[in-house]
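Here is what each chain is made of, one letter per residue.
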Amino acid sequence: MIKKILKYIIIGVVIYLTILAIEFCCLYSVHGDNTWNYIKEYWDWYKDVLFW
């Protein structure tokens, strides 16, 4: 029973990390070397929207 639950948790984490890697690759292909600045600006904007 625990092995089955652990298996589903690991599969979920792997799928989540795969989606994050694909998203980062897409961002890098669009923004190039400016990717980290774009991500930083996005999170700054997101924080301003949530905590204004």
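Structure shown above.
Here is a short report on the structure shown in this document. Source: prediction; values computed, not measured. (Residues numbered from 1 in each chain as written. Predicted model: local features only at pLDDT ≥ 70, side-chain atom pairs only at ≥ 80, totals over all residues. Heavy atoms only, no water.)

## Looking at helix H1 (residues 2-31)
With 30 residues, H1 extends 43 Å from end C-alpha to end C-alpha; this agrees with the ideal 44 Å at 1.5 Å per step. Positive phi appears at Gly32, one or two residues downstream of H1, with a value of about 65°. (Helix = DSSP H or I, 4+ residues; strand = E, 2+ residues; numbered from the N terminus. Expected span 1.5 Å × (residues − 1).)

## Notes on the packing of aromatic side chains
Overall, the coordinates contain 5 aromatic pairs when judged by the stated rule. Centroid distance Phe24 to Trp36: 5.5 Å. Interplanar angle 45°. Geometry classified as tilted. On the criterion of sequence distance, the pair formed by Phe24 in helix H1 and Trp36 in helix H2 (residues 35-50) is long-range, its members being 12 residues apart. A connected cluster of aromatic rings, assembled from ring pairs, spans Tyr42, Trp43, Trp45 and Tyr46. (Phe/Tyr/Trp six-rings, centres within 6.5 Å; stacked < 30°, edge-to-face > 60°.)

## Some points on a nonpolar patch on the surface
Judged by side-chain polarity, Tyr38, Tyr42, Trp43, Trp45, Tyr46, Val49, Leu50 and Phe51 come together as a nonpolar surface patch covering roughly 860 Å² of accessible area. Relative to the helices and strands, Val49 resides in helix H2. (Patch = residues over 30% accessible without salt bridge, like charges linked within 9 Å, V, L, I, M, F, W, Y side chains within 5 Å. Areas by Shrake-Rupley, 256 points an atom, 1.4 Å probe, with all protein chains shown as cover. Salt bridge = Lys/Arg side-chain N within 4 Å of Asp/Glu carboxyl O.)

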